Amino acid sequence: MTRTAIVTGSGRGIGRGIALRLAKDGLDVVVCDINAENAKKVSEEIEALGRKSLVIVGDVSNEKDVYAMVDQVVEKFGKLDVMVANAGICHIKWATELTTAEWDQAFAVNCRGAFLCDTAAAKQMIKQKGGKIINCSSIAGHDGFSLLSAYSATKFAIRGFTQALAKELGRYGITVNAYCPGIVGTDMWDLIDEKMGPYLKLGKGEVLKEYTKLITMGRVETPDDVASFVSYLASSDSNYMTGQTIMIDGGIVMN
Ligand SMILES: NC(=O)C1=CN([C@@H]2O[C@H](COP(=O)(O)OP(=O)(O)OC[C@H]3O[C@@H](n4cnc5c(N)ncnc54)[C@H](O)[C@@H]3O)[C@@H](O)[C@H]2O)C=CC1
Ligand SMILES: CC(=O)C(C)=O
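Residues numbered from 1 in each chain as written. Chains lettered and ligands numbered in written order. Predicted model: local features only at pLDDT ≥ 70, side-chain atom pairs only at ≥ 80, totals over all residues.

Caption draft 1: Representation of the site of ligand 1 within the structure. Taken together, 29 residues are adjacent to ligand 1, and Gly9, Gly13, Gly88, Thr186 and Met188 come closest. Its residues assigned to classes, the shell around ligand 1 shows 12 nonpolar, 13 polar and four charged. Both domain 1 (4–181 + 223–247) and domain 2 (183–220) contribute no fewer than three residues apiece to the shell around ligand 1. (Near = placed C-beta within 6 Å. Nonpolar A, V, L, I, M, F, W, Y, C, P; charged D, E, K, R; others polar. Domains from an automatic or database assignment.)

Caption draft 2: Region of the structure containing the domain arrangement of the chain. Here the chain is partitioned into domain 1 (4–181 + 223–247) and domain 2 (183–220). Placing the centre of domain 1 and that of domain 2 at their C-alpha centroids yields a distance of 24 Å. Listed by partner, the interface residues are nine residues for domain 1 and nine residues for domain 2. Broken down by secondary-structure element, the contributors of at least two residues to the side of domain 1 that touches domain 2 are helix 1 (13–24) and helix 8 (223–234). Each residue belonging to the side of domain 1 that touches domain 2 can be placed in one class, and the counts come to seven nonpolar, one polar and one charged. (Contact = placed C-beta atoms within 7 Å. Helix = DSSP H or I, 4+ residues; strand = E, 2+ residues; numbered from the N terminus.)

Caption draft 3: How the structure looks around the sheet that holds strand 1 (residues 4–8). The parallel open sheet is built from seven strands, whose spatial order is 3-2-1-4-5-6-7. Where the open sheet ends on each side, the last strands, each with one partner, are strand 3 (53–57) and strand 7 (245–248). Strand-to-strand twist across the sheet, computed as the mean angle between neighbouring axes with direction ignored, equals 20°. Here strand 1 runs beside strand 4 (residues 82–85); their pairing, made up of three bridges, is parallel. Bridging across to strand 4, alanine 5 finds its partner in valine 82. The strands touched by helix 2 (residues 36–48) within the sheet are strand 2 (28–33) and strand 3, with strand 3 carrying the most contacts at an inclination of about 170°. (Pairing = 2+ DSSP bridges. Axes fitted to C-alpha atoms, helices over the stretch in contact; angles between N-to-C directions.)

Here's what the structure looks like:
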């Protein structure tokens, strides 16, 4: 029977790459994003690959949206096999400039979002006696990044939550793991380059150039580089791996 995955934040960037890769792997894929237009486009790309798809326009930090999404998916596809909690945001400022509202927003989307998506999925997967939950951390979840303090804190938190949830869900045949991308050429990095530039007295494109020097493989990461690892985490090949948060960063963080 065809497996079904939800990928949050899959209207563009890394999430889109993961959604298309899982569709190529033979899964039906639900595209969840707050941006309806982008989500629809990706969903059409999935259907063009011969797979079924569903667009869910929703906010991962909103409990009602997340539970309604899982209900709709189970109603349409009969089950939920893979949850990829990928959606994330970042604020680029000195910590001393961050507002409390920005700090809370980062935690709402990046952490409450993962908590809601993972646990809503887990309740369904427990009934099914199995499933794959996959969270998104970052290199910034291993080393705190200057000008990304709230973001770094959320990505560290994802590692702790991934471990604890894995310990709770192993008995049901559910694995919980996380991936840590490095410096991926998406809109998020365009924003980082634009906003960090003035702080670091660097022009357009120069922040990315400086950070690229940290990458052992010598090139900026692509969404496909991340997606090929998430494909493994979503597959039965990773059935004996759980509670792990793994770098897929071209060799930036090695500890
Ligand atoms: N780009 C990079 O270098 C890295 C990214 N990451 C993480 O990878 C994930 C994806 O990042 P990118 O694709 O680069 O970002 P992006 O900004 O290009 O795309 C994020 C997508 O998530 C959606 N989104 C934002 N808030 C949402 C919400 N509340 N509910 C539903 N959807 C929402 C956006 O509409 C967008 O389509 C994020 O969790 C990010 O923190 C981690 C390490 C490096
Ligand atoms: C966006 C992100 O996680 C970094 C550190 O580049």
